[in-house]
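# Fold and contact review
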Amino acid sequence: MEQPTDTSFVFGGIYKPLSCAIINTLLQRKELQLLEGIKRTVYQQGSSMRPSSTSSPKKVMVYFIGGCSLSEVNALRFIGQKTNTHFIVATTNIINGNSLIESVIV
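The rules behind the values
- Residues numbered from 1 in each chain as written.
- Predicted model: local features only at pLDDT ≥ 70, side-chain atom pairs only at ≥ 80, totals over all residues.
- Heavy atoms only, no water.
- Helix = DSSP H or I, 4+ residues; strand = E, 2+ residues; numbered from the N terminus.
- Buried < 20%, exposed > 50% of the residue type's maximum accessible area, 1.4 Å probe, protein only.
- Contact = heavy atoms within 4.5 Å.
- Areas by Shrake-Rupley, 256 points an atom, 1.4 Å probe, with all protein chains shown as cover.
- Phe/Tyr/Trp six-rings, centres within 6.5 Å; stacked < 30°, edge-to-face > 60°.
- Pairing = 2+ DSSP bridges.
- Right-handed = clockwise from strand over helix to strand, strands pointing away.
- Polar contact = N/O pair within 3.5 Å; in protein donor to acceptor, adjacent residues only side chain to side chain.

### With respect to the overall build of the protein chain
- Along the protein chain, the regular secondary structure elements total four helices and two strands.
- Helices and strands in the protein chain line up, N terminus first, as α-α-β-α-β-α.
- Burial analysis of the protein chain (106 residues in total) assigns 23% to the buried set.
- In the protein chain, the share of contacts with a sequence separation of at least 24, taken over all contacts with a separation of at least 6, comes to 77%.
- Accessible area of the protein chain: about 8,200 Å², with a carbon and sulfur share of 58%.

### Digging into the packing of aromatic side chains
- Counted by the stated rule, this structure contains two aromatic pairs.
- Relative to Tyr15, the ring of Phe11 has its centre 5.1 Å away and its plane inclined at 75 degrees; by these criteria the two rings are edge-to-face.
- Here Phe11 falls in the partly exposed class, since its relative accessible area comes to 30%.

### What to know about the side chain of Ser8
- In this structure, Ser8 sits in the segment before helix H1 (18-27).
- In contact with Ser8, not counting residues within four places along its chain, are Gly13, Ile14, Tyr15 and Lys16.

### A short note on the environment of Thr7
- Mapped onto the fold, Thr7 is located in the segment before H1.
- Looking at Thr7, the relative accessible area reads 7%, which means it is buried.
- When the C-alpha positions of Thr7 and Ala75 are compared, they lie 5.2 Å apart, and in sequence the two are 68 residues distant.
- Beyond its immediate sequence surroundings of up to four residues, Thr7 is in contact with Lys16, Pro17, Ala75, Phe78 and Ile79.

### With respect to the pairing of strand S1 (residues 58-64)
- Two strands pair when backbone bridges link them, and S1 and strand S2 (residues 85-91) are joined in this way by seven bridges, in the parallel orientation. Across the sheet, the residue bridging to Lys59 is His86, located in S2.
- In terms of handedness, the path from S1 via helix H3 (residues 70-83) over to S2 forms a crossover that is right-handed.

### Thoughts on helix H4 (residues 97-105)
- For H4, the buried fraction is low: zero of the nine residues fall into the buried class.
- Looking at where H4 begins, the residue whose side-chain oxygen comes 3.1 Å from the main-chain nitrogen of Asn98 is Asn96.

Written out as structure tokens, the structure reads:
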């Protein structure tokens, strides 16, 4: 079996979750690197808290309002492995096929 190279593998290669594509794009933006530089500068100016080593994963909290599927969470975990990022996922609801159909019928 081939190793997956894209987040679309969680849906059989047919669909890439938009939320995951947006998060992946944000992780690669240079503005985030600028924020990291600012954080290092603040720590160097005498803060008693020191940043962890560069090899430790970044921590990013993602909050889904309205719910998400477990496939989206798995896609985030995949992105995390590729980018050395630990995602903390919070959501208002976990959506599966049954809950989606129930919300449309009721």
